[in-house]
Each structure stands twice: as structure tokens, then as C-alpha cells.
Amino acid sequence: MRMKKRAVAVALLAAASVALTGCSASTTSSDTAAAACAPSTGKVDLTFTTWVPGMDDAVAVWNKANPDIQVKVQTGPNGNGGTYQNFFNQLKAGNAPDLGQIEYDALPNFRVQDGLTDLAACAGVLDAKKDFVDWTWGQVNFGEDKSVYAIPQDAGPMAMFYRADLFKANNIAIPTTWAEYTAAAEKIRATGGYITNFSQSDINQFAGLVWQAGGTWFKNDGTNWTVNLTDPTTAKVAAYWQDLIDRDLVSTNPPWTDEWNNAYNTGSDWTWNSAAWGANSIASGAPDTAGKWAVAESPQWAAGDKASGNWGGSSTAVFKGSKHPYEAAKFALWLNTSDEALTLLNKSANLYPAAKSGLELPALKAGVDFYGGQAIYDVFSKASSQVSPDFTWGPTMTQTYNDVSDGFKAAVTKKGTLIDALKTGQTATIAAMTAQSIPVNK
């Protein structure tokens, strides 16, 4: 996860603009934050909403060691699956949890809505910068050196999960380029299977594929945003997957449904281009295939290229309105830096830590039984160093994903195309930004 510092400069120039031009409320000053981040008196009860499997086990360790600061875990669907909308509704109603899991690409949305507590004045927070991989810390401070709006948790460098047994049994070479991936897809379809599932609803994956190809959707000149969801690189990626859809070479089940799980569990779907955390999704969704999977580097657009995308990666944020930001920040730091918590979360959810110390955990160096004993995180470690620093998140990504998803759903039923969906999403994104008084070039 060693991305160049330029990633921070580019991505956070944009995020800083969100803070300056997109917020309806003024930024909290350090003095105000300091006053608001004093320790509470007496026993403190915190609520924390997340979708990470096994979070209860990590929190139980904290609760046992900290009887005066107890954390109650509330679980929900993944962020864009409903939890983010719940957060926005709760913030509006004034009953948001103390802490929430928020992916990096969604943090600007919450910053625009002034929904995040600046934790910079809370004890130990600014000093924790040195404990995290540089680019992940940049994701949570929006380019403001004396502000911190969340604590980094994990990252999502992408690679290819594949059914090693099926490729071997059918004498199909593991694809190293996207052209080879298409050729393999044709051979796999001839056996009755699909090379992968194209996600019609989780646009984050498509964004990661565009990222790998070198595309970018948002730019900011320090004042105005430029939105281009149909840049030439994105159009190339869209055309590639449109061809596979049109020729019935990929399945199109909604992700994380019974249909999606069954396709992988029965060997109907053979690969998944996903992030490090996807190791848990395969293991939990396809338990009958234990020991039959392996992980390889992502296929490349040109032979010899070395590029990876990033899908996901989350932070632990403290919402505006929490009465206990000091204790919430203390818990969030522990959760995302302690060897005990990071080991448990890697074991239960295959999280790839943002903390530097987490990258050296024995759990990340060992072979994984489900993947035939392969040390799969070696692949993701290499991938993380190949992620381009030039992909910028926009300030309304939740809305952007939702609008594009509507079009993708139409595309997989032959009622539209992926590029049509991206064009519609671009128009809707510009309209949404304009409605929120975020300066945008039209």
C-alpha cells in the first residue's frame, strides 16, 4: 500500500476544495475542536455502525480492557448498499451513531454535508499520522494539515482471484492481459461457465478497473471541478466489458446475493477481479470451493505493464453530534493500530491494514488455507505499489454511483449500454454538484 505522495497532492487538492467550497457550514476551528474533545466524566457508551464481519470480536477485546468506555456494534449493509443513506438520514435527524465506517471515496460526501467531527485536537490523533501509510492518511485529512476527519482502517489494492483447479483441468492459461482474459472467457463459456460476474450495481469495482487503466473522472483546479466519466480511457474500459456482456461471456448477478454466491460456490463463475478484502467474500460465499482458489496479479492492458486499481478501503469516522469525541477517537485509534485488533479483523474479514505496523503482522505473511496455502497478501502488497496516484474522487460519489448503477442495470438487460450509463451519470453528477453550490465546469 505504498502509494506515492503525489496521490495525496492530487486527490486531496480535490477534497480540500470540497471543504472550502462545498460545505454549508463553516469548518470547525482547532480551538473549538479542542474544547469539544475533552475527556468525558464517568462511564461512556459509544455506538459504532459497520459492515465488517467479525467486528464484534475486536470490539469485545476493547470492551474487556476498557470498562469505562464501552462500544456497542451496530451492523448494516455495505456503505452504498444502504448504510451511507442511513447515516445521512441519521445526521439530518440528529441521531447518528458516535462512529461509522466510511470508505475513502465516500468521505468527501460526508464532508460536504458537514457530518464529520474534526478529531485533530483529540489526544494522539495528529501524532498518529506517522503510524499510517502516507496515502491513507491523506485520504482522511482532505489536505488540511491540522485537521483529521477519520482514522484510516484498510485499503483495497486489486488482483485476480481465480479457480486454479478449473483452469488447470481445462488446460486454460491464467490470463495476464485483458486480451488473454477475453480469450479465456470464450473457452470457459464453451464449458458452460463464465469467467466472472460483471457487477451491475457496485460501481466501485468498475471505478477500480478504470483506475488501473489510467483513467480519472474528476479534476479540480483549486476552485472548480471538472467531471468526465466518459474520458477516452473510461470509454475503452466500458467498451471492453460491453463486448463481454453482449456476447454472454460474463454473468451479471447482483453482487453479494444468493445468486452471486451460488455462481462462485458451484464453479459457474471462475474469477473475480477484486480487492484484498474480497478474499473473505469468496471464502464466505463459496465455502464448498475451499482450497481451489488462488490469486494472481490483475490482467494488464499491454503485456509487461504493471498497474493495479484500488477498490474500497475504509476509515473509522466520528460523526458530528457525538457527545464523546475524545473517547471515540481513542477507540478508533486502537481499532486501527493495535496488533490485536488488526489481526482479528484480517482473520475475520481479510482486511488489508492501513497501519504500517499491520503490514508486518504474521497473519499477512502466512499462507491462507482457503487459497491452497498461498501467501495471497504478497500479491496484494505488490499490487498496492502499482496503484496510480492520479485518480481523484469527487464530492458526490454516492450519488454518482447510484446514477451510474441505474444505467448499468439497464445495460446488462440489453436496454442500454455502459457508456450511456456513464453519460447519464455525468449529467446527473454535474446537476447534483450545482445544486449543492459546488463550483463545476459545465
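Just so we're clear, the structure is a prediction, and the values are computed from it rather than from any experiment.

Asks: Whenever I open this one, the confidence of the model for the chain confuses me. Can you help?
Replies: Low-confidence regions, as indicated by low pLDDT, have predicted coordinates that should not be scrutinised in detail. Across the chain, the average pLDDT comes to 89, with 92% of residues at or above 70. Note on residues 1-34: pLDDT under 50 across the span, and 87 contacts to partners over four residues away in sequence or across chains.

Asks: Just to check I follow, could you spell out the packing of helix H10 (residues 232-246) against helix H18 (residues 418-435) for this structure?
Replies: The relative placement of two packed helices is expressed as an angle between their axes plus a distance between the axes. Packing of H10 against H18 brings their axes to within 8 Å, and their N-to-C directions diverge by 140°. One element, H10, and the other, H18, form an angle in the oblique class. Along its contact with H10, which presents Thr 234, Ala 235, Ala 238, Trp 241, Gln 242 and Ile 245, the element H18 presents Leu 418, Ile 419 and Leu 422. In terms of residue class, the contact of H10 with H18 is built from 7 nonpolar, 2 polar and no charged.

Asks: Would you take a moment to explain the pairing of strand E1 (residues 44-50) for this structure?
Replies: Working note: regular strand, side chains alternate between the two faces of the sheet. Most of E1 is tucked away, with 5 of its 7 residues classed as buried. Sheet analysis places E1 next to strand E2 (residues 69-75), joined by 7 bridges and oriented parallel. Considered in E2, the bridge of Val 44 is made with Ile 69. Between the parallel elements E1 and E2, the chain passes through helix H3 (residues 55-65) in a crossover that is right-handed.

Asks: Whenever I open this one, H3 confuses me. Can you help?
Replies: Three or four residues apart is the spacing at which side chains of an α-helix point the same way, because the helix has 3.6 residues per turn. Within H3, the full set of buried residues consists of Met 55, Ala 58, Val 59, Trp 62 and Asn 63. Along H3, the residues classed as buried sweep out an arc of 140° about the axis, all on the same side. Turned more than 90 degrees away from the buried face of H3 sit Lys 64 and Ala 65, all of them exposed. The elements touched by buried residues of H3 are E1, E2, helix H13 (325-337) and helix H14 (339-349).

Asks: I keep staring at the pattern of salt bridges and nothing clicks. Help me out?
Replies: Opposite charge on two side chains allows them to pair when their charged atoms are near. In total, this model carries 8 salt bridges according to the counting rule given. In this structure, the salt-bridge partner of Glu 186 is Arg 247, at a minimum N-O distance of 2.8 Å. Placement of Glu 186 in helix H8 (residues 178-190) and of Arg 247 in the loop between H10 and helix H11 (258-265) is noted, with a sequence separation of 61 residues between them. Overall, the relative accessible area of 37% leaves Glu 186 in the partly exposed class. Note that Glu 297 and Lys 382 form a salt bridge whose closest N and O atoms lie 3.1 Å from each other. Here Glu 297, found in the loop between strand E10 (293-296) and strand E11 (314-318), pairs with Lys 382, found in helix H16 (residues 376-384); they are 85 residues apart in sequence, far enough to count as distant. Among the residues examined, Glu 297 registers a relative accessible area of 28% and is labelled partly exposed.

Asks: What is the right way to read the sheet that holds strand E6 (residues 158-163) from this model?
Replies: Paired through their backbone hydrogen bonds, the strands of a sheet run either parallel or antiparallel. If you walk across this open sheet you meet the 3 strands as E9-E6-E10, and the pairing is antiparallel. At either margin of the open sheet sits one strand with a lone partner, and together these are strand E9 (271-275) and E10. Between one strand and the next, the sheet's axes are offset by a mean angle of 30°, whatever the strand orientation. As defined by bridge partners, E6 adjoins E10 across 4 bridges and the pair is classed as antiparallel. In the strand pairing of E10, Met 160 is matched with Ala 296.

Asks: Hey, could you run me through the sheet that holds strand E7 (residues 218-220) in this one?
Replies: The strand order across the open sheet built from 3 strands is E7-E8-E13, with neighbouring strands paired in mixed fashion. One side of each edge strand has no neighbouring strand; the edge strands of this open sheet are E7 and strand E13 (440-441). Direction of pairing for strand E8 (residues 225-227) relative to E13: parallel, over a ladder of 2 bridges. Within the sheet, the bridge partner assigned to Trp 225 lies in E13 and is Val 440. Against the sheet, H18 makes contact with E7, E8 and E13, and its axis sits at roughly 160° relative to E8, the strand it touches most.

Asks: What is the right way to look at helix H12 (residues 278-285) in this model?
Replies: Most of H12 is tucked away: 6 of the 8 residues are buried. Along H12, the residues classified as buried are Gly 278, Ala 279, Asn 280, Ser 281, Ile 282 and Gly 285. Where the residues of H12 are buried, they touch E6, H11, E9, E10, H14 and H16.

Asks: Before we go on, may I ask you to explain the environment of Gly 304 in this structure?
Replies: Along the chain, Gly 304 turns up in the loop between E10 and E11. Owing to a relative accessible area of 66%, Gly 304 belongs among the exposed residues under this scheme. Sequence-wise, Gly 304 and Gly 285 are 19 residues apart; in three dimensions their C-alpha atoms are separated by 33 Å.

Asks: Help me out: how do you make sense of the environment of Val 44 in this one?
Replies: In this structure, Val 44 sits in strand E1. With 284 residues separating them along the chain, Val 44 and Ala 328 place their C-alpha atoms 9.5 Å apart. Aside from chain neighbours lying at most four places away, what touches Val 44 is Asp 68, Ile 69, Gln 70, His 324 and Glu 327.

Asks: In this structure, what is going on with unusual backbone geometry? I would like to understand it.
Replies: Note: most residues except glycine have negative phi, and most peptide bonds are trans. Of note in this structure, Asn 171 is not a glycine but carries a positive phi near 55°. Looking at where Asn 171 falls in the secondary structure, it is placed in the loop between helix H7 (164-169) and H8.

Asks: How should the environment of Asn 228 be read in this particular structure?
Replies: With respect to the helices and strands, Asn 228 occurs in the loop between E8 and H10. Its relative accessible area of 30% is what places Asn 228 among the partly exposed residues. Sequence spacing of Asn 228 and Lys 423 is 195 residues, and the spatial spacing of their C-alpha atoms is 8.7 Å. Residues in contact with Asn 228, not counting those within four places in the same chain, are Thr 216, Trp 217 and Gln 426. Separated by 3.1 Å, the side chain of Asn 228 and the backbone nitrogen of Thr 230 make a polar contact.

Here is what the cut-offs are and how they apply
- Residues numbered from 1 in each chain as written.
- Predicted model: local features only at pLDDT ≥ 70, side-chain atom pairs only at ≥ 80, totals over all residues.
- Heavy atoms only, no water.
- pLDDT = per-residue confidence, 0-100.
- Contact = heavy atoms within 4.5 Å.
- Axes fitted to C-alpha atoms, helices over the stretch in contact; angles between N-to-C directions.
- Helix = DSSP H or I, 4+ residues; strand = E, 2+ residues; numbered from the N terminus.
- Parallel < 35°, antiparallel > 145°, perpendicular 65-115°, else oblique.
- Nonpolar A, V, L, I, M, F, W, Y, C, P; charged D, E, K, R; others polar.
- Buried < 20%, exposed > 50% of the residue type's maximum accessible area, 1.4 Å probe, protein only.
- Pairing = 2+ DSSP bridges.
- Right-handed = clockwise from strand over helix to strand, strands pointing away.
- Arc of directions from axis to C-beta.
- Salt bridge = Lys/Arg side-chain N within 4 Å of Asp/Glu carboxyl O.
- Polar contact = N/O pair within 3.5 Å; in protein donor to acceptor, adjacent residues only side chain to side chain.

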